[in-house]
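Below are the chains, spelled out letter by letter.
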Amino acid sequence: MKIFYQSLFFILITSFTVYSQSEDIYQIKFDIEYLASDELEGRFPGTNGEDLAADFIADKFNEYGLSKIGNSYFQNFSFTLPSSPHEDVKFNQEDNNKIEAKNVVGLIDNKKETTIIIGAHYDHIGYGGQYSLDRGINEIHNGADDNASGTAMLLNLVKKLSKRNNSNSNYLFIGFSAEELGLLGSRYFVNSNLYDEGKYNMMINLDMVGRLNEKKELSVFGAGTSSIFRQVLNSLNGSFNLNIINDGTGPSDHTSFYNKDLPVLFFHTGSHENYHRPSDDVELINYEGIHEISNYIVNVIGEIETYGKLDFKETVSNQPTVARFKVSLRVMPDYVFDGQGMKADQVIKGGPADKAGLIDGDIIIGIADFKVNDVYDYMEALSNFNEGDSTVIYVVREEQRLEFQVRF
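So, here's what we can say about the structure. Residue numbers restart at each chain and count upward from 1, following the sequence in its written direction. Totals for whole chains, interfaces and linings use every residue, but because this is a predicted model, local features are given only for residues with pLDDT of at least 70 and side-chain atom pairs only at 80 or more, for both listing and counting. Where side-chain values are given, they derive from all heavy atoms of the structure, hydrogens and water being excluded.

A word on the pairing of strand S4 (residues 99-108)
The side chains of a regular strand alternate between both faces of the sheet.
Then comes step 1: Only protein chains enter the accessibility calculation, which uses a 1.4 Å probe. A residue is then buried if its area is under 20% of the maximum for its type, exposed if over 50%, and partly exposed in between. Under the scheme used here, helices are H or I runs from DSSP no shorter than 4 residues and strands are E runs no shorter than 2 residues, and both carry numbers assigned from the N terminus. Across the 10 residues that make up S4, a large majority, nine, are buried.
Then comes step 2: Any two strands between which DSSP finds at least two bridges are classified as paired. Pairing of strand S2 (residues 74-80) with S4, which is carried by six bridges, proceeds in the antiparallel orientation. In the strand pairing of S4, Phe74 is matched with Val104.
Then comes step 3: Where S4 meets strand S6 (residues 170-176), five bridges bridge the pair, whose relative direction is antiparallel.

Here it is as C-alpha cells:
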C-alpha cells in the first residue's frame, strides 16, 4: 500500500508539472499573439497601438499584484526626435513634433534591501517606414520576436517571481517605450527620480528571445559586468549552447543601466532574416523556448541573490561610437558573431552587396584598404565612401578568401 501511495504521489506531481508547463506556454503564446496582432499596428511609440500594449502590460501587473510606483503603473514622458544628426533627443519640451510615450513600471516589494530590475521594450516600428529593412513597403510590422517575445517573457517572470517565498530581492519590472528610436524609454528612466542608484543590484534585459533554434543557441551579454556572472551562468546551464559575452553595452536597453555603473545581463536568441520586416510574426516564435529560457533566468536570479550586493566591473566595449556614413551595402550584421570580421547574417536582395555577389553567411574582412575586424570597423570603413563610389570587398566564405567589386 505504501508503494501505491508513493506511485500515486509521483503521478500527481508529474501531472501537475506537465500541466503547469502547458499552461505557462499557453499564456506566453496568448500574450505574444495579442501584442503582435494587427490590432496594435506595430506598436510605434505614441500611437494608439502602443497605448493598447501599455494597458495590457499594466493590467497584467495589476493581476499579479505588483505595486505601483506613485499612483500609476505608467511613467509618462514626451520626446522630440532630432532634426539633424548633430542634435540629441529632447525630453518633455513643448514642441509641435513631440511624441507622447510611457514606460510601464511595477514592483514586487519583498521588503529587501536591494532590487533587481527586469526590463523589456514593448514598442516596435509600426508600419516600418525608414526603420524597416523592407523599404517602400507600407505594411504592419508586428514585431513578434522584436519585442513581443521579450515582453511576454517579462510577464512570465512576473508570474513566477510573484509566487516565490524565498526571494532575497525586490523586483522592479519595466516595459520600455521607444527603444527602437534610440533606447529612449530606458534613457529617460535612469535619469528620472524613479531611479535610485543605491537601491538597485543589477538589471536583466530581455530583447528578441523568441527564436531559440534547434541548437539552443542563447547569447548572454554583460557577463563581465560583475565578477560572479560567468560562473553563475555556466553552473546553472542545463541544455543551452551559451554564447557568453562580457560586453555590457549594445543596441538595447541594458546599455542605459550599464552607463550608470549597474551590472547587467542581456538575453538574446539571435538576429534573423525577419528582423524589422513584416514577416517577424507569431508563426515563427518558439514558445517552448521562451518558457525554457524564462525558467533558466529564474534559477540565475535565485543564485545571484545569494551573493548579496554585487560588484560592478567596466567591460572593454567592442562597440565604439558608430561612424556616420552615407552609403550602405544593404547587409544585416550578425551581432552575436564573435570571430574575426563582420558576418553577414543576411544580404538584402537587390542591394549593392547582393549585386556584387555576396551571400548570407559571408564574412567581410576588408573594404578597400580598410581592415574589418568587427561590425564597427565595417561601419567605420563605410564612412569613407559616397554614393556612386566603387571599391573592392574582401570576404571569407567557407574558409576561402574572395574579392568582389561593389558599387554603392
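And the narrative resumes.
Some points on the packing of helix H3 (residues 144-162) against helix H7 (residues 287-304)
Working note: a packed helix pair is described by the angle between its axes plus the distance between those axes.
Then comes step 1: Axis definition: a line fitted to C-alpha atoms, limited for helices to the stretch in contact. Angles are taken between N-to-C directions and run from 0 to 180 degrees. Between H3 and H7, the least distance of the axes is 10 Å, while the angle of their chain directions is 50 degrees. Between H3 and H7, the angle falls in the class oblique. The handedness of the crossing between H3 and H7 comes out as right-handed. For the pair formed by H3 and H7, the contact residues are Ser149, Met153, Asn156, Leu157, Lys160 and Leu161 on the first element and Ile290, His291, Ile293, Ser294, Asn295, Ile297, Val298 and Ile301 on the second.
Then comes step 2: Three residue categories are used. Nonpolar comprises Ala, Val, Leu, Ile, Met, Phe, Trp, Tyr, Cys and Pro, charged comprises Asp, Glu, Lys and Arg, and polar comprises the others, including Gly. Counted by class, the contact of H3 with H7 contains eight nonpolar, five polar and one charged residues. Any angle that is under 35 degrees is reported as roughly parallel, and any over 145 degrees as roughly antiparallel; angles of 65 to 115 degrees are reported as roughly perpendicular and all others as oblique. The crossing is said to be left-handed when, going from far helix to near helix, the turn is anticlockwise and less than a right angle, and right-handed when the turn is clockwise. Contacts are residue-level and defined by heavy atoms, with any inter-residue pair within 4.5 Å sufficient.

Considering the side chain of Ser219
Then comes step 1: Positionally, Ser219 belongs in strand S8 (residues 217-221).
Then comes step 2: On the basis of relative accessible area, Ser219 is assigned to the buried category, the value being 6%.
Then comes step 3: Under the rule applied, a polar contact is a pair of N or O atoms within 3.5 Å (in protein, one hydrogen donor and one hydrogen acceptor; residues adjacent in sequence only if both atoms are side-chain atoms). Within the local environment of Ser219, its side chain forms a polar contact with the side chain of Asn243, the two groups lying 3.5 Å apart.

Focus: the nonpolar core
What tends to happen in soluble globular proteins is that the nonpolar side chains get buried as a cluster.
Then comes step 1: Throughout, nonpolar core names a set of buried Ala, Val, Leu, Ile, Met, Phe, Trp, Tyr and Cys residues whose side chains join them through atoms within 4.5 Å. Ile32, Phe61, Ile118, Phe173, Leu206 and Phe267 are the most contacted members of the largest nonpolar core, which has 61 residues in total.
Then comes step 2: Once you skip the residues sitting within four places of it in the chain, Leu206 turns out to touch Ile118, Gly119, Ala120, His121, Asn147, Gly150, Met153, Leu154, Leu157, Phe267 and Ile297.
Then comes step 3: Ranked by size, the runner-up nonpolar core spans 24 residues in total, among them Leu329, Ile367, Leu382 and Val395.

Regarding the packing of aromatic side chains
Then comes step 1: Under the pairing criterion, centres of Phe, Tyr and Trp rings, with the six-membered ring standing for Trp, must be within 6.5 Å; the plane angle then separates stacked pairs below 30 degrees from edge-to-face pairs above 60, leaving the rest tilted. Applying the stated criterion to the full structure yields 18 aromatic pairs.
Then comes step 2: For the pair Tyr258 and Phe312, a centre-to-centre distance of 5.5 Å together with 55 degrees between the ring planes defines the contact as tilted. Here Tyr258 is found in helix H6 (residues 254-258), whereas its partner Phe312 is found in the loop between H7 and strand S11 (331-333), with 54 residues between them in sequence.
Then comes step 3: On the accessibility criterion, Phe312 (24% relative accessible area) is partly exposed.
Then comes step 4: When the centroid spacing of 6.4 Å and the interplanar angle of 85 degrees are considered together, the rings of Phe267 and Tyr296 count as edge-to-face.

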